[in-house]
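Structural characterization, general
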Protein chains: 2
Amino acid sequence: MNQDKYEACPVARSVQLIGDRWALLIIREAFDGVKRFSDFQKNLNVAKNILSDRLAKLVDAQILKNQPASNGSAYLEYVLTAQGYALFPIIVALRQWGEQFLFAEDQPHSILLEKNTGDELALMQPMTKKGKHLLAQETFVKKIN
Amino acid sequence: MNQDKYEACPVARSVQLIGDRWALLIIREAFDGVKRFSDFQKNLNVAKNILSDRLAKLVDAQILKNQPASNGSAYLEYVLTAQGYALFPIIVALRQWGEQFLFAEDQPHSILLEKNTGDELALMQPMTKKGKHLLAQETFVKKIN
DNA sequence: CAGTATCCCTCAAGATACTG
DNA sequence: CAGTATCTTGAGGGATACTG
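Cut-off values and rules
Residues numbered from 1 in each chain as written. Chains lettered and ligands numbered in written order. Predicted model: local features only at pLDDT ≥ 70, side-chain atom pairs only at ≥ 80, totals over all residues. Heavy atoms only, no water. Helix = DSSP H or I, 4+ residues; strand = E, 2+ residues; numbered from the N terminus. Buried < 20%, exposed > 50% of the residue type's maximum accessible area, 1.4 Å probe, protein only. Contact = heavy atoms within 4.5 Å. Areas by Shrake-Rupley, 256 points an atom, 1.4 Å probe, with all protein chains shown as cover. Lys, Arg positive; Asp, Glu negative; His and termini not counted. Charge placed at Lys NZ, Arg CZ, Asp CG, Glu CD. Salt bridge = Lys/Arg side-chain N within 4 Å of Asp/Glu carboxyl O. Polar contact = N/O pair within 3.5 Å; in protein donor to acceptor, adjacent residues only side chain to side chain. Nonpolar A, V, L, I, M, F, W, Y, C, P; charged D, E, K, R; others polar. Least-squares fit on C-alpha atoms with pLDDT ≥ 70 in both. Pairing = 2+ DSSP bridges. Near = heavy atom within 4 Å.

**So, the overall build of chain A**
When helices and strands are counted, chain A shows six helices and four strands. Taken along its principal axes, the extent of the C-alpha atoms in chain A is 50 × 45 × 30 Å. Expressed as a percentage of its 145 residues, the buried residues of chain A come to 46%. Once local pairs closer than 6 in sequence are excluded, the contacts in chain A between residues at least 24 apart make up 35%. Summed over its atoms, the accessible surface of chain A is roughly 7600 Å², and 50% of this surface lies on carbon and sulfur atoms. Computed over 18 positive and 16 negative side-chain charges, the separation of the two mean positions in chain A equals 8 Å.

**Some points on the interface of chain A and chain B**
The interface of chain A with chain B comprises 77 residues on the first partner and 77 residues on the second. Between the two partners, chain A and chain B, sit six salt bridges. The salt bridge partner of Asp119(A) is Lys130(B), with a shortest N-O separation of 3.0 Å. Across the contact surface, chain A and chain B share 32 residue pairs in polar contact (both at pLDDT 80 or more). Of all the secondary structure elements, the ones that give two or more residues to the side of chain A that touches chain B are α1 (10–18), α2 (23–31), α5 (82–85), α6 (88–101), β3 (109–114) and β4 (139–144) of chain A. Looking at the side of chain A that touches chain B, the element that brings in the most residues is α6(A), giving twelve residues. Among the residues forming the side of chain A that touches chain B, the class breakdown is 44 nonpolar, 15 polar and 18 charged.

**Quick look at the relation of the copies chain A and chain B**
The transformation that overlays chain A on chain B combines an axial shift of 0.0 Å with a rotation of 180 degrees, and the residual RMSD is 0.0 Å. Read as a symmetry element, the transformation amounts to a two-fold axis. Here 99% of the contact residues of chain A are again contact residues in chain B; the copies associate through an equivalent surface.

**Re the pairing of β3(A)**
β3(A) sits mainly inside the fold: five of its six residues count as buried. Looking at chain direction, β3(A) and strand β4 (residues 139–144) of chain B are connected through six bridges and run antiparallel. Within the sheet, the bridge partner assigned to Glu114(A) lies in β4(B) and is Thr139(B).

**Notes on the protein's contact with DNA strand D**
Neighbouring residues of DNA strand D: 15 residues in total, closest Arg36(A), Ser38(A), Lys48(A), Ser52(A) and Asn49(B). A distance of 3.2 Å separates a base oxygen of DNA strand D from a polar side-chain atom of Asn49(A). Separating a phosphate oxygen of DNA strand D from a side-chain N or O atom of Arg54(B) is a distance of 2.7 Å. Among the elements of the structure, α3 (37–44) and α4 (48–60) of chain A together with α4 (48–60) of chain B are those that each provide at least two residues to the surface near DNA strand D. Here the surface near DNA strand D is composed, by residue class, of seven nonpolar, four polar and four charged.

Rendered as structure tokens:
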């Protein structure tokens, strides 16, 4: 890709940061409450040097922070920053699309529910601030300089 | 990654399909109305063999379809299928996250607006079917077998 | 124009061993 | 436990030439 070229598209910049094989899965694990190096490693079955590299990059990108463990253990833990936390809609959108199209009827999968009530989530859908749902063709990209 | 391992997580499956350097950018172009090989190539500045490969994979994944051009030209065009079209929330979520965190105040960027009214889009946010906004920690993943 | 066919090269990725 | 260091491999990617 063009690393040197100035990327004015926010999609491109996001993809540059989190659009690789491991980053999004690490982030998914973080949303599931995983905090420790060895737990990421076991769950994702990723080589340790790769995991180490990716975690460092995510810390660098201010998506994760590496802080003293909250439970009193001697080690550090990786937790989402506010900026990383804001990736939640992306994770949910990826999850919902996968649920819809990538599983056969009878295949085991998993769904996201509200913790207290067990309520299902609505399908995420872009809308205006007034609450009107928008199809892709009802939108356009405006450049701001 | 573990190609052979059965992936029960919808996020993982989605990432396997569209979580690479080019796929999401190709899809973004498709949402912007790009249909022709050479236009993808010019806009993305990607090697032709790579583009060829990625387009084929996206057609294979039923995200794009390669059909006779609608404008009467002799060539084929790549357009989003319904399944590809359903990626719109993911693109918007990526865009909004990038807009929020990856641009300095004064940097040129772009935003998505409603075509007819110019209205801004609301920040996408997961919610229940009853319309209640949900934070990540208010959700849990339930396995379905 | 819309690709395919080669060639080459870099870097991501994995395995393994080692360290504080 | 939580990494770093080293080595090897292979896939992803780019440049170029060629084809219907």
